[in-house]
Structures are given as structure tokens and as C-alpha cells.
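Below, each chain spelled out in residue letters.
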Amino acid sequence: MLQKLARCALLASSGIGGFSKDVVAFDVTRERPWTVRESIEMRYFVTGQTSPAYIEPTESAIGGKFSPDGRHFFVATRRGSLKQDEVIYEVFVFETEVISARLKISDSGTNEAPRPKAVIAIASTRPGDDEVGIRDIRWSDNDTLTFLGTAGNNPVNGYQFRVSHNSLVNLTCANTDVVEIQAGTEGVIYAVDNEEATSPFGKYPATVISGDAVFSLFSPPRRTNRIISRYHGGDAQFMAQSELGAPRTWFAPTGAFAVMVFAPTGWKIPKEWSHYYKPVVRHYQFILADLRTGELTPMLDAPVGAATSPNNIVDTSVLWSPDGRRVILFNTALPLSTDDMERTTTAYIVEYDVETRHWTKIASIETPRMEDPRLWTGRAHWTNPGEEFVVEYINLLKRPSVWRRFARKEGGWKLQDRTASKDSVSPDDARPFNVELRQDANTPPMVWAVQGSKSLRLFGEDPVLAGVRVHPTRTVHWIDPDGAMEEGGLIIPQAQANQTLKLVVQAYRYSPAQFLPDGMASSAYASQLLAQKGFAVLQMNIPAENRPDVTLTTKEGEYFMARLDAAIDSLRSESSLDLSEIGLVGFSRGGYMAYYAATHPHRTKVGAVVVADAWQGSYGDYLYDVGTSRATQSLFFHERQYGGPFWYNQATWLALAPGFNVQKSDAPVLFQINSRFGVVPMLEAMTAFRRVNRPAEFLLFPDGSHQLIRPQQRRTSLESTVDWLTFWLGKREDLDEGGIMSLPRWKEMQDSRRASRP
């Protein structure tokens, strides 16, 4: 299983060849129509290194990518290739000194972008939104970048790129996915998956079916072990094996130690841990690894804290002091104590002394009981290394998250600011300028180096967008039913003479600070394509984005419908809009809102709906989740949504759950299912729509992911959305007979619906 870490054949390219092709003049006339190519092949600047597939609201500043000595920095991008059906990830490494020199003359009027010192490029055809070509990239020393990468459909491996030699090396050469890699001066720690076929069923003649066995009916029965190894030249050395989850690793600045979070194979949970409230009981522990000897030592007699998100994902941070002696741990439980019963239900922030092996509590994470897990800590960083840090407090039902600042004072750590800024970093002389991402709803993203009043554009304009017509977005406002001001983004394409436009509402998030030509997700949303087809488009927030008081309550669906009615009413003064019926598109939780709207008609007539890889809030989905390994997540979402278990709240479930109200729907619904595992929970909707003779189409991407990422999958999702809305909203004459979907079948649905109407 263990691999020698030799120099493997490279599955990626490095260098600067071809970069100058990106430096092109931008045609401001924008005469070409927007097509699916622009949606997929445009360049995105990656800001979230852990999951760069996601198109999420990003921070305005993407600094923090400088090498420790400040001599180099990198910028990461991704773009699709329709022809090759692959996603191309690139990392551009710039010399700080060169950019500083250019900044001094940046007012000379030149538009030529500086050439990077090196470019790393990997083209990936892996389908998952967490299987991207380059991720978790970071500086491991002043000259070396370490990252996980996958070229083509090959396993994920650990790579190192040395800037001075312009060389890229596959460190791990594993034939199964490397799930974690960290590099320090004392070597590399990495983990690989080792899958073994298992049977979920007992021996002949019968077995008791557990939740895991039920789940195994719908997926290949496998037992996954994580083999954790360290390497410092020569052969890999085994350190540990983990049965649950990928390990997380944070190296000390000295490189001698690392903090790890994982579940050692064969380790038994102490009986005393049963006194923690049930969701707190975890196999995961904070473990100190001595890189010099390979010794592993549990840091506290306690699991990782429960406040790590409601679906039991380990989401935590670690901050090492500059001298490597102390480390701050976030989201950890504390050893049980009869004098402090709070420890059974609470997670904490703790400082740990590596030399003495003693810990000190810094703060508890204020959270309600764990049957209602809402609050945990996310990102954290030093604002004054070793003396002051800020940490993100995430509330599942509240947006945005808040940041809190702690400082070391006489007598220990003290909370200094409950509403700190996430960007409140201390001055760093090694960074003579900031690196900023600038964009808005109508301006494509661009990265700039900024020093005082001077700025330098680091990239040429995106050639894919040269000369394309972008239908502009403008912010509109309305008053929600409770009197609050709400806003959305409205796109009105140039209408033909004497022609009014149908409106399509894209429900999830309106982000005026971002250039998102399709919308906030890579699945289903197709703003510019719809505008090019002659639709007006309104992007609007769902309650989960800004109304935590109604989110995951029995009021959420009705609040969304009232907001939709108010938004449509505010647009009635737009003479170019035909609001007699609208189209509605939703992805994920926005898809649940769209499904709810289809099955709970209000004043706004919904004429066609697209529900893309959504949480359905249905009884069938509830049973599937509870009967498998996702029980905790389902109990939280479903039972909070409808006031409790179905068997004790039947009236509420029957009134609100979309699957029980399909007979009320008059809107044809296209369901996009982005994984084969989504078919079983979709059976309720498939049966219901068929049984009550309501038009519905079910489009499966068997090898997709929640956020579709492969170009041809995205193309199918976008074009099927446009085709579905075009057909059902009375623009069938504009539909290509040879399109993605089956036009004859839709005609049969339409004829059947007409015949069934009274």
C-alpha cells in the first residue's frame, strides 16, 4: 500500500509558455451574443483553496498567498474547456520585486500585464466538486509550493513546485487518492485512501439491517481506511491508520511537530465519553505528531468538539505560535469534570503547550444544546503572531458570520472585540502591496496589485469575454411583507419592437459585488443565456440568506412566497415585462424554495420550474436520510422545518412538505439530479407527479456532484434549463428541435395536461 516517494512522471505542466495569449485588447463594443461557451470557459479567480470548484461570494482581497519571505506570491484560476470536457486549473507565480518596480511606473498608461515568473497548469476530468485539479495549495517554504492535484482522471496526488528551478514533482506517486498533504522542514505528512470491499449483510441465513447496511444497498459496499505516512527522503514511513475521515494536519513553524485531527483505527472510545451529549461523542481527536520520531500523542482526553457543523463534518482550525511551542486549538471538547457540566455540551478554544503538554481554556463557543447545533468556529488567523488572533464564528441560521478578536494579556487570553473585521491583519513589511480582486455584477473579475494610490493589473482581459454582449444587471428594491427593504438583481435584455418579455426568477442569492453571469451556482442557473434567449431575469435572495429567524421553521416557505409576490408586484411598472406567469429556478436550498412554490400556489403564477439538486424537504427524503448514515443531518433539517417528527406533527408535514402537495401544482417541473445517490430520495416526487398527471422531467447526472463542474455536464444543465423554460413559457417557436432534451415527449406532456384540465 505504501509508496516510495520517488520522482514520478509528471502529469502536469509548468512554465510560462502561452501566458502572453491572455494579454489581449478588450473589445468594449461587446457585439457577440452570450453563449454557453462564455459561461463555461470564462476565467474565475480562485479564492477558496479548500474547494475552488464553488462559485461562492468571495473576499475582495485575495492576499495571503505570499511566500513567507514575501519575495513571491501566487494567484490561482480555473476555466473550462468544452472541447476537451476538462477543467483547467492554473497557478501564476509572480516576483514581488518585479511587481513593485512596475507599480512605481503604473501611471505611465501601459495596459500590458506583467509576465509571471512561472505557471503551473493541470487539466482535470474528475467529476466531483471536491476533486479539483489543484487545491489546498500553500507555501511550505520560501521557494516551494505544495498542493494536491489530479490530472485527467488520475488519482489525486501530492505535488511540490520549486520556483527557483521551475520544477514540478509528484511527491506521493499513489495509485489511490491522496486526501491530505502537508510539508515542513522535517518532511511530509500525507494520507491515502485504502478501500476494501465489504458486505453490509451478515452471514447466511439472515442479518439485522442497520442504517449503514441500508445505505450500502445504494452504493458499493466499501470500508475506507486512511493510511497516514511521513516522508523525509527515502521510503515512506507508516505513522497511523484512520477509519473515519481524512486527517487534518498543521505543521509547527519549526517543522518538528504537527497537530493532526483524525480517528486512529482500533482505538476505542472511553466509556466515560458517553456522558458527552450524543453528537459530541466523536472518534476524532487532536493528536500531536513528532516529525522527528513519528510518535503520536493525544493532546486532550476529549474528542474534537461537537460544534463542528450539524452534518458532523470536522471543520476546525489550528494556529501555531511563531516559536512552535504553543498552539491554539479550535472546536475541541474538554475532559469531563463533575465540577463543570457545561463540558458535556460545549466546544472550546484552547491553548496547548507542546513542551509541558498542558492546556489552558481561552473561551467556550456559546452554543445552544447540541440537539440544535448552530454555532461553530471556522477560519482563524493571527493578527499579531503569538499575541492576537481573529476567529470566525459561524451560525448555521445567521448570515453573515461574525469575527471575534482575542489578545494575550497579563493573566491569559482575553476577548477584545466581538465584532472584529476578518481583514484586520497587522502590518507586514514583507508585503509591500496588496493583491485585490475587483469585480461587480457587470464587470468581469480582475486581479490588481495595489500600493497606496497606485495599482497595476496583473492579468490581461479574459479573451473568452472579448467582444461579447453582457446584458447588464441593475439592482431593484421592494418591501417585504414584514416591512423590511429587500433587493434583487434585474436583467432586462433589449426587447424587440412591441414585444414584452417573460420573467425568470433565479432564487438563492443576489450578489451585486460579484460577476456571476449564470448566478451563484454552476448548476442550472443561466442568467445571460436566458437573457440572450429573450427572457428577463431576476436574481433574488431566499430566506436562508438573510432571514435566519424564519429559516428552517414552519414559516420559511410562506415567507419566501410572500417575498416572491412582493418582488413581482414591484416590477409591474416595468412596461417591457409580461408578468402573467413567471419561470422559477432554484438550486440546493433554493431548489427547495422553487419546489415549494410549485406546490403551494400564491398570487404570482408560476408557469415553469427548474429544481436543481435540491434538498426536497420531503417525507421520502426524510426516510432515506434517517435510514442511512445521514440521520443527524436529516433530523436537524426535516424536523426543524416541520416542527418535529412526522408521526407527531402530521398536519404540519401534510400542509407544508412539497411531496404531499404535488396535486396543487400546475407548473411543469424539471428536476436535475446531480448524483446517482439522489435517485432513491427522488422516487417520491417521480411517483407523485406521474400519479396525479402533472408534467415533470427528471434529468440525472450519474457521475456529477452537487455543484456540477465538468464542462459537458454544466452545458447540459444550463441548456436544459433554458430549453425547459422556453418550451413551457410560450416561446416554443424559439426551441431547437435538436436540443438537449426530448421535445416530442414534452409535447405529449403538454397535450396530456390540456386534456386533464376541467
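Further up the page is the structure itself.
Overview of the structure. Starting from 1, residues in each chain are numbered consecutively following that chain's sequence as written. Side-chain atom pairs in this predicted model are given and counted only at pLDDT of 80 or more, local residue features only at pLDDT of at least 70, and totals for whole chains, interfaces and linings cover all residues. Note that water and hydrogens are dropped before the side-chain values are worked out from all heavy atoms of the structure.

**Section: the environment of Gly 659**
Phase 1 of the analysis: With respect to the secondary-structure elements, Gly 659 resides in the loop between helix 10 (650–656) and strand 34 (669–673).
Phase 2 of the analysis: The exposure class of Gly 659 is buried, given its relative accessible area of 13%.
Phase 3 of the analysis: Remark: the alpha-carbon pair of Gly 659 and Tyr 596, spanning 63 residues in sequence, is separated by 8.9 Å.
Phase 4 of the analysis: By definition, residues are in contact when any of their heavy atoms lie within 4.5 Å. The residues contacting Gly 659, other than those within four sequence positions of it, are Tyr 595, Glu 684 and Ala 688. Segments assigned H or I by DSSP are reported as helices when at least four residues long, segments assigned E as strands when at least two residues long, and all are numbered from the N terminus. Relative accessible area decides the class of each residue, using a 1.4 Å probe on protein chains only: under 20% of the type maximum gives buried, over 50% gives exposed, and in between gives partly exposed.

**Structural notes on the nonpolar core**
Looking at soluble globular proteins, one finds that nonpolar side chains tend to be buried together.
Phase 1 of the analysis: Each nonpolar core is a collection of buried residues, namely Ala, Val, Leu, Ile, Met, Phe, Trp, Tyr and Cys, held together in the definition by side-chain atoms within 4.5 Å. Residues Leu 503, Val 505, Val 609, Trp 724 and Leu 725 are the most contacted members of the largest nonpolar core, which totals 96 residues.
Phase 2 of the analysis: For this core, the element with the highest residue contribution is helix 7 (residues 589–599), accounting for seven residues.
Phase 3 of the analysis: Those residues in contact with Leu 503, other than ones at most four positions away along the chain, are Leu 490, Ala 536, Val 537, Leu 538, Ile 568, Leu 571, Asp 578, Leu 579, Ile 582 and Gly 583.
Phase 4 of the analysis: Ranked by size, the runner-up nonpolar core spans 26 residues in total, among them Phe 257, Leu 288, Val 304 and Trp 320.

**Side note on helix 11 (residues 679–691)**
Phase 1 of the analysis: Each residue after the first adds 1.5 Å to the expected span of a helix. Given a rise of 1.5 Å per residue, 13 residues ought to cover 18 Å, and the 18 Å separating the end C-alpha atoms of helix 11 matches this to within 8%.
Phase 2 of the analysis: Those residues of helix 11 that fall on the buried side of the exposure criterion are Pro 681, Met 682, Glu 684, Ala 685, Ala 688 and Phe 689.
Phase 3 of the analysis: Positive backbone phi, approximately 60°, marks Asn 693, located one or two places after helix 11.

**Quick look at the pattern of salt bridges**
Phase 1 of the analysis: Here, a salt bridge means any side-chain nitrogen of Lys or Arg that lies within 4 Å of a carboxyl oxygen of Asp or Glu. The final tally for this structure, using the stated rule, is 32 salt bridges.
Phase 2 of the analysis: Notably, a salt bridge pairs Arg 745 with Glu 697, separated by 2.7 Å at the nearest N-O pair. Within this pair, whereas Arg 745 is found in helix 13 (residues 743–756), its partner Glu 697 is found in strand 35 (residues 696–700), the two being separated by 48 residues in sequence.
Phase 3 of the analysis: One network of salt bridges, in which partners are shared, links Arg 32, Arg 37, Glu 38 and Glu 41.

**Focus on the packing of aromatic side chains**
Phase 1 of the analysis: When two rings of Phe, Tyr or Trp (its six-membered ring) have centres within 6.5 Å they constitute a pair, described as stacked for plane angles under 30 degrees, edge-to-face for angles over 60, and tilted for the intermediate range. Taken as a whole and assessed by the stated rule, the structure comprises 35 aromatic pairs.
Phase 2 of the analysis: Geometrically, the ring pair formed by Phe 671 and Phe 698 is stacked, given 5.0 Å between the ring centres and 0° between the ring planes. Pair noted here: Phe 671 is in strand 34 and Phe 698 is in strand 35, with a separation of 27 residues, a long-range link.
Phase 3 of the analysis: Overall, Phe 671 belongs to the buried group, its relative accessible area being 1%.
Phase 4 of the analysis: Residue Phe 698 is classed as partly exposed on the basis of its relative accessible area of 22%.
Phase 5 of the analysis: Grouped by ring-pair contacts, the aromatic residues Phe 45, Phe 66, Phe 73, Phe 92, Phe 94, Phe 433 and Phe 459 constitute a single cluster.

**Some thoughts on the pairing of strand 4 (residues 86–95)**
Phase 1 of the analysis: Where burial is concerned, most of strand 4 is hidden: nine out of the 10 residues are buried.
Phase 2 of the analysis: Note on pairing: DSSP must find at least two bridges between two strands before they are called paired. By the bridge criterion, 10 bridges tie strand 3 (residues 72–81) to strand 4 in an arrangement that is antiparallel. Across the sheet, Arg 78 pairs through a bridge with Tyr 89, a residue of strand 4.
Phase 3 of the analysis: Linking strand 3 to strand 4, which pair antiparallel, is a turn of four residues; within it Asp 85 sits at a positive phi near 55°.

**Quick word on helix 12 (residues 711–728)**
Phase 1 of the analysis: Relative to the 26 Å expected for 18 residues at 1.5 Å per residue, helix 12 spans 26 Å between its end C-alpha atoms, a close match to the ideal helical length.
Phase 2 of the analysis: Phi turns positive one or two residues past the end of helix 12, at Gly 730, with a value near 80°.

**Observations concerning the sheet that holds strand 6 (residues 134–141)**
Phase 1 of the analysis: Pairing in this open sheet of four strands is antiparallel, and the strands run 6-7-8-9 from one edge to the other. Where the open sheet ends on each side, the last strands, each with one partner, are strand 6 and strand 9 (167–170). Within the sheet, the average angular offset between the axes of one strand and its neighbour, ignoring direction, is 25°.
Phase 2 of the analysis: The pairing of strand 8 (residues 157–162) with strand 9 spans four bridges and is antiparallel. Each residue of the ladder has a partner; that of Gln 160, found in strand 9, is Val 169. All axes here are fitted lines through C-alpha atoms, helices being fitted over the stretch that makes contact, and every angle between N-to-C directions spans 0 to 180 degrees.

**Observations regarding the packing of helix 8 (residues 619–626) against helix 11**
Phase 1 of the analysis: Between helix 8 and helix 11, the shortest axis-to-axis distance is 8 Å and the interhelical angle comes to 155°. In terms of their interaxial angle, helix 8 and helix 11 are classed as roughly antiparallel. Taken as a pair, helix 8 and helix 11 cross one another with a handedness that is right-handed. Here Tyr 619, Gly 620, Asp 621 and Tyr 624 of helix 8 come into contact with helix 11, specifically with Val 680, Pro 681 and Glu 684.
Phase 2 of the analysis: For the contact of helix 8 with helix 11, the per-class residue count stands at four nonpolar, one polar and two charged. Orientation categories follow fixed angle ranges, with anything under 35 degrees roughly parallel, anything over 145 roughly antiparallel, 65 to 115 roughly perpendicular, and all other angles oblique. Rotating anticlockwise by less than a right angle from the far helix to the near helix defines a left-handed crossing, while the corresponding clockwise rotation defines a right-handed one. Think of it as three bins: nonpolar holds Ala, Val, Leu, Ile, Met, Phe, Trp, Tyr, Cys and Pro, charged holds Asp, Glu, Lys and Arg, and polar takes everything else, Gly as well.

**Details of a nonpolar patch on the surface**
Phase 1 of the analysis: The patch calculation keeps residues exceeding 30% relative accessible area without a salt bridge and links them within 9 Å when they carry like charges or within 5 Å when they are nonpolar (Val, Leu, Ile, Met, Phe, Trp, Tyr). In this description, accessible areas are obtained by the Shrake-Rupley approach with a 1.4 Å probe, and a residue is regarded as covered only by the protein chains that are shown. Judged by side-chain polarity, Leu 623, Trp 647 and Tyr 648 come together as a nonpolar surface patch covering roughly 400 Å² of accessible area.
Phase 2 of the analysis: Looking at where Leu 623 falls in the secondary structure, it is placed in helix 8.
Phase 3 of the analysis: Note on Leu 623: relative accessible area 38%, which makes it partly exposed.

**A short note on the pairing of strand 5 (residues 118–124)**
Phase 1 of the analysis: Summarising burial for strand 5: six of the seven residues are buried, a large majority.
Phase 2 of the analysis: In terms of strand pairing, strand 4 meets strand 5 through seven bridges, oriented antiparallel. Looking at strand 5, one finds that Tyr 89 is bridged to Ile 122.

**Examining the packing of helix 6 (residues 556–570) against helix 7**
Phase 1 of the analysis: Direction vectors running N to C along helix 6 and helix 7 enclose 80°, while the axes themselves pass 10 Å from each other. Judged by the angle between their axes, helix 6 and helix 7 are roughly perpendicular. Taking contact as the criterion, the partners of Glu 556, Gly 557, Glu 558, Phe 560 and Met 561 in helix 6 are, on helix 7, Arg 589, Met 593, Tyr 596 and Ala 597.
Phase 2 of the analysis: Residue composition of the contact of helix 6 with helix 7, grouped by class: five nonpolar, one polar and three charged.

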